[in-house]
Amino acid sequence: MSNYQKSWLAFSIIGLLFLIIGLAQSWSVALGIFNMCLISSVVALGINIQWGYAGIANVGIMGFVALGGISAVLVSQQPVSAAWDAGWGRLLIAVLVFAITVSLAIFCYRKMAAGRHRTIALSATIILGLFATRYFLDPAVASIEAIEPAKTGYLGGMGLPILFSWVLGGFVAAGIAWLIGKIALGLRADYLTIATLGIAEIILALMKNEDWLTRGVKNVTGLPRPVPYEVDLQSSEWFVDLVSWWHGGVLSALIDIDRQQALKQFAIEASSIFVKLCYSGLFATVLIVILVLSTRALNSPWGRMMRAIRDNEISAGAMGKDITRRHLQVFIIGSAIVGIAGAMMTTLDGQFTPTSYRPIRFTFLFLIMVIVGGSGNNIGSVVGAFIIWIFWIEAEPIGVWLMEFGTGWMDDNNSLKIHLIGNAQHMRLFFMGLVLLLVLRFSPGGILPEVIRKRS
Amino acid sequence: METITDFINAFVLLLNFILVPGLAYGSQIALGALGITMVYGILRFANFAHGDTMAFGTMVTILVTWWLQSQGISFGLLPTALLALPAGIVATVMILLITDKLVYQHYRRVKTPAVTLLIVSMGVMFMMNGIVRFIIGPNDQRFLDGEKFIIHARNFKAMTGLNEGLSIKVSQGLTVFIAILLVGALFWFLQKTRTGKAMRAFSDNEDLALLSGVNPDRVVLITWIIVAILATVAGTLYGLDKSFKPFTYLQLLLPMFAAAILGGVGNPIGAILGGFVIAFSELIVTYAYKKVFVYLLPVSLEPSNLMQLLSTDYKFAVSFFILVLVLLIKPTGILKGNVI
């Protein structure tokens, strides 16, 4: 079967799965899963650029997703002017001192001859600079966090529409990726992977602790939406008209009060679906744009160069390709896409909770999507994202159902039965690992393997 | 006289909050890092499943401990878990050998690059994580029994008349004692026995070792057995000392990798050294020194803030910075790596 046929088959199966979910559970649930599938696809495309195109295994995805998330907060929340008034002076000095420290350190590193003197000068600059920064930063932080800690206690954001955060999220992630890439790229491939594991933990630690910027574990809730609210929809005339037109057949059979009641019920259902559809439209637009761009990049000379570097670094280097630079480029682009997806995710959730970022769910699951879908194949990554996410969500009800079915002969108070049903949801980790191992062993290219075009 | 007492008080504070916990935590990390470095040196890949292997071994140990407790069997003053440890080790050996047979063996034959094996080990990590969470659940489990303290802070204060107490937990003492025993046995095995020498030769130069008649299957088998022992013991000791939670064991991966790389990959002495460097750096950087300075400095100079360099949540940052620094400055690690 060619890749073309396979992808049609895969998308038909996915469509069928959504149909089943929609009919068996509800359309609202199906759309919710669909939206997360779209976001996961964007993350998977970002990872595919890093792992599929260039062979960089980044296990710090969680960190970049979280960076996107904090961008959503920083863009959409109203600025807390009292906090700015309290802390801006010292904060500015702290930032300046930090900037001076960094530039001095870079200056020392570049201009001094390597040796003991440079090491001493460099360490002294960094240590003194950090203490000086803390000297100004600590009181600033204390005064900012003292302003209504139960409600704000942080600087707030820019008060712009949240959609801008999708752009900013990309840029923030790209900037941090540049910084990290400068330091860590050029390490051996497996060392780099371990280093990225640490990067994600550090980004998360910063978000949990720097309350003045992110509100930390106190979370930011109630982020504004780019789409209408359900309540507003239910009270707006055009929407109620739309609903009554849609359900015309059923409604016309009813009379007065029953009709009012039914219409109200339909409007509540429809508003939830309408909001989710709005999100789907936005997410699908982003996904399609990124998919098109990234596929064009893959088929361009740049894409061929990246694959050449991935398959044989030494020979690509001998052809004059700057490998470290290309790796840095690809690391930044991939991370930026993950950052965009992170902002989308927080927009959808409407809240930013740093403690909810866990590596299994926000790093390893996304990697599995790419590898199962087909590393190096963009459509494959999207297919992988859809299938794995549907499986991840639906494994829980299915697992519980299977366990209940399997333990049906047991007594209801049997402790083993209670344990099995209670813990059934954790088996999805087991099956996820199993799927990954089976794909790696028997079909290393994934569901839709990379297409290698040969010139005839 | 006053000043000397103050000085001793400050010293006891540091002993109590940095040296004693550092020795215990360092031993736990060192044992974990030893397992990682053995896999790295002989099977040649970064084993992401190691944290969950530790969790698996600990889980079996806990289950057997509970069973023993329900039978009314205890180990006197020592934790019952020590009696259950062999069962945990046997189970872990079995699961690692099964994993090797079903998963890793194939990739050894086709000579896969290290990064692919790393991804494969992530799959194993998921499966083990799933098994552990399914059987024992994702929550905290405590299984320490017997005597809690070797030296209790209150008794220490009464004995010495100092303001500050020094407490040493049984779990901490046990950790250091067992770690020394285990590491001693491991080094004796690697240095003195025929199999140990074969393993070192295999790690040093695979082709040459094969030519000299070293049986690779046997080397791999022994390696997994050693890794299982190290992982189970490290996991159980960590669980006794702190508490058992599957997620924490996943998070231990980073400090353990950092320790293994810091000491030089494939170098057991390096892994131990690395474990202690990481553990002490974490504690030194995240400890709040206020009380120490209160004792040491005159009243006029007493610090107003906590004198804490970094909040405890940044302990991962410490492992990471040490890791990156070592990789940039001396990629082979403190002691030259790739030799067992």
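Residues numbered from 1 in each chain as written. Chains lettered and ligands numbered in written order. Predicted model: local features only at pLDDT ≥ 70, side-chain atom pairs only at ≥ 80, totals over all residues. Heavy atoms only, no water.

**As for the overall build of chain B**
- Of regular secondary structure, chain B possesses 14 helices and 2 strands.
- For 340 residues, the compact-globule formula gives about 20 Å, and the C-alpha radius of gyration of chain B, at 22 Å, lands near that figure.
- In terms of principal-axis extent, the alpha carbons of chain B reach across some 70 × 55 × 35 Å.
- Taken over 340 residues, chain B has a buried fraction of 57%. (Helix = DSSP H or I, 4+ residues; strand = E, 2+ residues; numbered from the N terminus. Rg over C-alpha atoms; globule rule 2.2 N^0.38 Å. Buried < 20%, exposed > 50% of the residue type's maximum accessible area, 1.4 Å probe, protein only.)

**What to know about the interface of chain B and chain A**
- Across the contact, 48 residues belong to chain B and 47 residues belong to chain A.
- Taking both partners together, chain B and chain A bury about 4,200 Å²; carbon and sulfur atoms supply 78% of that area.
- On the surface where chain B and chain A come into contact, there are 9 residue pairs in polar contact (both at pLDDT 80 or more).
- Where the side of chain B that touches chain A is concerned, the elements lending two or more residues are α3 (81-109), α4 (114-136), α10 (246-251), α11 (253-263) and α14 (315-329) of chain B.
- Counting residues per element, the side of chain B that touches chain A draws most heavily on α4 of chain B, at 18 residues.
- Here the residues of the side of chain B that touches chain A are counted per class, giving 38 nonpolar, 8 polar and 2 charged. (Contact = heavy atoms within 4.5 Å. Buried area = accessible area lost by both parts, 1.4 Å probe. Polar contact = N/O pair within 3.5 Å; in protein donor to acceptor, adjacent residues only side chain to side chain. Nonpolar A, V, L, I, M, F, W, Y, C, P; charged D, E, K, R; others polar.)

**With respect to the packing of helix α7 (residues 194-204) of chain B against helix α9 (residues 216-241) of chain B**
All names here are of chain B.
- With their axes 10 Å apart at the nearest point, α7 and α9 run at an angle of 100° to one another. The angle between α7 and α9 places the two elements in the roughly perpendicular class. Contact residues: α7 offers T195, A198, M199 and F202, while α9 offers P216, R218, V219, I222, T223 and I226.
- Split by residue class, the contact of α7 with α9 holds 7 nonpolar, 2 polar and 1 charged. (Axes fitted to C-alpha atoms, helices over the stretch in contact; angles between N-to-C directions. Parallel < 35°, antiparallel > 145°, perpendicular 65-115°, else oblique.)

**Comments concerning the environment of N9 of chain B**
Residues and elements named next belong to chain B.
- Positionally, N9 belongs in helix α1 (residues 2-43).
- Assessed through its relative accessible area of 2%, N9 is described here as buried.
- N9 sits 283 residues away from V292 along the chain, and the two C-alpha atoms are 8.0 Å apart.
- In contact with N9, other than residues within four places in its own chain, are L162, N163, E164 and Y295.

**Structural notes on the packing of aromatic side chains**
- This structure, assessed with the given rule, holds 26 aromatic pairs over all chains.
- Relative to Y249 of chain B, the ring of Y238 of chain B has its centre 5.7 Å away and its plane inclined at 80°; by these criteria the two rings are edge-to-face. Within this pair, whereas Y238 of chain B is found in helix α9, its partner Y249 of chain B is found in helix α10, the two being separated by 11 residues in sequence. For the pair formed by Y238 of chain B and Y249 of chain B, the shared burial category is buried.
- Joined through ring pairs, the aromatic side chains of F364 of chain A together with F48, F126 and F257 of chain B make up one cluster.
- The positively charged end of R428 of chain A is found above the aromatic ring belonging to W392 of chain A, 4.1 Å away from the centroid. (Phe/Tyr/Trp six-rings, centres within 6.5 Å; stacked < 30°, edge-to-face > 60°. Lys NZ or Arg CZ within 6 Å of the ring centre and 35° of its normal.)

**So, unusual backbone geometry**
- Positive phi is not limited to glycine here, since N219 of chain A has a value of about 65°.
- Summarising the element assignment, N219 of chain A is placed in the loop between α8 (211-214) and β1 (220-221).
- Of note in this structure, R44 of chain B is not a glycine but carries a positive phi near 65°.
- Inspection of the secondary structure puts R44 of chain B in the loop between α1 and α2 (50-70).

**Brief notes about the pattern of salt bridges**
- Counted according to the given criterion, the structure contains 11 salt bridges over all chains.
- Close ionic contact of E148 of chain A with K151 of chain A constitutes a salt bridge, the shortest N to O distance being 3.4 Å.
- Note on E148 of chain A: relative accessible area 45%, which makes it partly exposed.
- In this structure, the salt-bridge partner of K291 of chain B is E164 of chain B, at a minimum N-O distance of 3.3 Å. With K291 of chain B in helix α13 (residues 290-296) and E164 of chain B in the loop between α5 (153-160) and β2 (168-169), this residue pair connects regions lying 127 residues apart in the sequence. (Salt bridge = Lys/Arg side-chain N within 4 Å of Asp/Glu carboxyl O.)

**Structural notes on the side chain of N423 of chain A**
- Topologically, N423 of chain A is positioned in helix α18 (residues 415-423).
- Taking the relative accessible area as the measure of exposure, N423 of chain A reaches 11% and is therefore buried.
- Engagement of the side chain of N423 of chain A in a polar contact is seen with the backbone oxygen of F134 of chain B, the distance being 2.8 Å.
- With residues up to four places along the chain from it excluded, the contact list for N423 of chain A reads R133, F134, I135, I136 and G137 of chain B.

**Focus on the environment of T92 of chain B**
All names here are of chain B.
- In this structure, T92 sits in helix α3.
- Sequence separation between T92 and M54 is 38 residues, and the spatial gap between their C-alpha atoms is 8.5 Å.
- Each residue touching T92, except ones within four places of it in the same chain, is listed here: T53, F56, G57, A228 and T232.

**What to know about helix α19 (residues 427-442) of chain A**
- Here α19 of chain A spans 22 Å end to end across 16 residues, near enough to the 22 Å set by a 1.5 Å rise per residue.
- By the burial criterion, the buried members of α19 of chain A are M427, R428, L429, F430, M432, G433, L436, L437, V439 and L440 of chain A.
- Against the buried residues of α19 of chain A lie α16 (359-373), α17 (378-406) and α18 of chain A together with α3 and α4 of chain B. (Expected span 1.5 Å × (residues − 1).)

**A closer look at the environment of A341 of chain A**
All names here are of chain A.
- Its location among the elements puts A341 in helix α15 (residues 323-349).
- Note on A341: relative accessible area 0%, which makes it buried.
- Along the sequence, A341 and A10 sit 331 residues apart, while their C-alpha atoms lie 23 Å from each other.
- In contact with A341, not counting residues within four places along its chain, are I39, V42 and V43.

**Some thoughts on the nonpolar core**
- Of all hydrophobic cores here, the largest spans 219 residues; its most connected members are F364 and F366 of chain A together with L31, F48, W224 and F244 of chain B.
- In terms of residues, this core owes the most to one element, α4 of chain B, which gives 15 residues.
- Not counting the four nearest positions on each side in its chain, L31 of chain B is found in contact with A179, L182, V183, L230, V233, A234 and L237 of chain B.
- Counting residues in hydrophobic clusters, the runner-up holds 10 residues, among them V80, A94, L137 and I144 of chain A. (Core = buried A, V, L, I, M, F, W, Y, C linked by side-chain atoms within 4.5 Å.)

**Structural notes on the packing of α2 of chain B against α9 of chain B**
All names here are of chain B.
- It is at 7 Å that the axes of α2 and α9 come closest, and there the two elements cross at 70°. The orientation of α2 with respect to α9, classified from their angle, is roughly perpendicular. Handedness of the α2/α9 crossing: right-handed. Facing H50, T53, M54, G57, T58 and T61 of α2, the residues of α9 in contact are V227, A231, T232, A234, G235 and T236. (Left-handed = near helix turned anticlockwise from the far one by under 90°.)

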